[in-house]
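# Secondary and tertiary structure notes
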Amino acid sequence: MKTQRPEQELTWSWGYRPRSALDRVKAMAPPPPLTPSTPLLHGEFGSYPARGPRFALTLTPQALHIQRLRPKPEARPRGGLVQLTEVSGCCTLRSRSPLDSAAYFCVYTYPRGRRGGRRRAARTFRADGAATYEENRAEAQRWATALTCLLRGLPLPGDGEITPDLLPRPPRLLLLVNPFGGRGLAWQWCKNHVLPMISEAGLSFNLIQTERQNHARELVQGLNLSEWDGIVTVSGDGLLYEVLNGLLQRPDWEEAVKTPVGILPCGSGNALAGAVNQHGGFEPALGIDLLLNCSLLLCRGGSHPLDLLSVTLASGSRCFSFLSVAWGFVSDVDIQSERFRALGSARFTLGTVLGLAALHTYRGRFSYLPASVEPASPAPALGLPRATSELALVPAPAPAVAHSPLHRSVSDLPLPLPPPALASPGSPEPLPVLSLNGGGPELAGDWGGAGDAPLSPDPLLPSPPGTPKAAQLSPISEGASEMAASSGLPPPTPGAPVAISAGGPPDHLLPSLGTPLPPGWVTMEGDFVLILAILPSHLGADLVAAPHARLDDGLVHLCWVRSGISRAALLRLFLAMERGNHFSLGCPHLGYAAARAFRLEPLTPRGVLTVDGEQVEYGPLQAQVHPGLGTLISGPPGCPGREA
């Protein structure tokens, strides 16, 4: 059957490169009108095990529709609509029985349960409409290719055949994991949730566990970036801060900073992940649900410009921020709650209570360059507002407190699999270690129906000639150092900036620190409870400080609270911030401005300043937004409430 080309934005595809001038012309041509319900493929499939029901499958640009045909058609199918936003990937399989001429097509989904949490589900369908295995295999591959193209934002041909040749090589990702992130569960979450999902998606990866502060910064400074399609941190916001500043410290920083970076939340704050989750159209989430949402978006691929803030400190050194600069209550809570890191995100709740009990005010001078076009003022909202605008090494066990090698590396698994009890009762041998599209690991239990021959992987597309193997990748520069025995990474030295960057673009909007500001700046002086300069919408996974902010609006959003506010009123502000409607409370002590640059001059001799949650030297600082300087792996943009 003929397929219609889905309406896709090539800008968010994983690794799509038009292969010829004609392909580029076709890619630039506007696609024909296509509604989300337009059928692209339709067919009848059996199930696995073979004695199960038969289904009619219909693939549209946004969903896979599944309707049971036999033994009894369903008037209202349960679980018959699989939204592509819940799909991590798919693969083709074949039976190990030489008498089975059918081919198999498996889809991996993470639907939301009744209580809201996501659970993994694998649906395997049997292509058996033809007499020969080759014909059935071609049909299974056609469906797997079409679904993969939709997931990755790749164009489908208007009239041509849908074959695996449409798929580019698998994207290569470098995963950096801080095993001590959050409550120390980052490696466990990565192994149990992240690695299986990205393997299901057919992504190639290399994983390194960081072992000390600034380890990630040192690693990215020695990378051959041309060998990677993205760098993804599996931790909190602090690890991404190191990566971005490491990229901007390279001699080739202008090209290096274009490397797509991503974040999978396994830390305490997870602010950027909250903004990515919102950008993807998902409902607010925390913990593993937030991790699964962001992992689904990572599997879909695609990047988005990311504004960065260059921050010049009192010593003249400069660092780059993707999140926030804070002084007063917010920075006090952030740093003082470090001793409660074992509590995970609850450390901020406890820190807030202690901060309210010992509420301080700070005198300072705050100046900013207003944005030429102010965004709409935050309006009351009932819910969360929409932000407009190949090595094969066995993974090391959870790190012990003793010394460890500099790089603990894993590449395309294999992961520890369930015990051999998963062998099919009718099979004379244990089930094989299955892989996705010939690439990564999978649970053998997905394809081990009682009495049926187990299934083996049937790769969609072999590696094209010239594809570099992981063993041929350039080595990562190493330094001779060891991690001290402790339960976590060593804390930052008080007053010492972390990951100071000497590269990056010049700050053309800022005069030298300590010299008078040019005309057009707004200055205020007084006593403040807090001053916060934030780029994305979220200050934490569940704190929407700037609900109208976008990842690339070219603005820094300034919020401040003046002295005189009561503890109860300040608490109400932070409770309302969970829903992003704190500006609608009408608090007279709360101020807001959108700016392109600012200067902060503390007049109180003692205090705490943080950049992206990292403590920096105390004293005057100034900062400027550099619009779209970074590139963030964010997945395709979503629509608010699409999970409903």
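Scroll up a little and you will see the structure.
What you are looking at is a predicted structure, and each value in this text was computed from that prediction instead of being measured. (Residues numbered from 1 in each chain as written. Predicted model: local features only at pLDDT ≥ 70, side-chain atom pairs only at ≥ 80, totals over all residues. Heavy atoms only, no water.)

### Observations concerning the pairing of strand β10 (residues 230-235)
- Burial analysis of β10 places six of its six residues in the buried class, which makes it a mostly covered element.
- Along β10, one buried face is formed by Gly230, Val232 and Val234 and the opposite face, lined by Ile231, Thr233 and Ser235, is buried too.
- Here strand β8 (residues 172-177) pairs with β10 via five bridges, running parallel. The residue of β10 that forms the bridge with leucine 176 is threonine 233. (Buried < 20%, exposed > 50% of the residue type's maximum accessible area, 1.4 Å probe, protein only. Helix = DSSP H or I, 4+ residues; strand = E, 2+ residues; numbered from the N terminus. Pairing = 2+ DSSP bridges.)

### Some details on the pattern of salt bridges
- Across all of its chains, the model carries 16 salt bridges by this definition.
- Residue arginine 54 pairs with aspartate 128 through a salt bridge whose shortest N-O separation is 3.0 Å. A residue pair is termed long-range when its members are at least 10 positions apart, and arginine 54 in strand β2 (residues 54-59) and aspartate 128 in the loop between β7 (121-127) and α2 (133-152) qualify at 74 residues.
- For arginine 54, a relative accessible area of 18% corresponds to the buried category. (Salt bridge = Lys/Arg side-chain N within 4 Å of Asp/Glu carboxyl O.)

### Considering the environment of valine 611
- In this structure, valine 611 sits in strand β23 (residues 609-611).
- Accessibility expressed as a relative area gives 0% for valine 611, which makes it buried.
- Along the sequence, valine 611 and isoleucine 534 sit 77 residues apart, while their C-alpha atoms lie 9.9 Å from each other.
- Not counting residues within four places of it along the chain, the set of residues in contact with valine 611 comprises Tyr241, Val311, Cys319, Ser321, Ser324, Val325 and Val616. (Contact = heavy atoms within 4.5 Å.)

### Things to note about the packing of aromatic side chains
- Using the criterion set out here, one finds 12 aromatic pairs in the structure.
- Here a set of aromatic residues connected by ring pairs shows up, and it is made of Phe45, Phe55, Phe105, Phe125 and Trp143.
- Here arginine 118 stacks its cationic end above the ring of phenylalanine 282, 5.1 Å away from the centre of that ring. (Phe/Tyr/Trp six-rings, centres within 6.5 Å; stacked < 30°, edge-to-face > 60°. Lys NZ or Arg CZ within 6 Å of the ring centre and 35° of its normal.)

### Here we look at the pairing of strand β13 (residues 318-321)
- In β13, alternate side chains face the same way, and those of Arg318 and Phe320 on one face and Cys319 and Ser321 on the other are all buried.
- The antiparallel pairing of strand β12 (residues 303-312) with β13 creates a hairpin that spans five residues between the two strands, and glycine 316 there sits at a positive phi of about 95°.

### Structural notes on the nonpolar core
- Formed by 94 residues in total, the largest nonpolar core has its most connected members in Leu176 and Phe598.
- One finds Leu57, Ala140, Ala146 and Leu147 within the second-largest nonpolar core, a separate group that totals 30 residues. (Core = buried A, V, L, I, M, F, W, Y, C linked by side-chain atoms within 4.5 Å.)

### Some words on unusual backbone geometry
- With phi around 70°, asparagine 214 is a residue other than glycine that occupies positive phi space.
- Considering the arrangement of structural elements, one finds asparagine 214 in the loop between β9 (204-209) and α4 (215-221).
- Given a relative accessible area of 15%, asparagine 214 falls into the buried group.
- Positive phi, close to 55°, is recorded for aspartate 612, a residue that is not glycine.
- Inspection of the secondary structure puts aspartate 612 in the loop between β23 and β24 (614-616).

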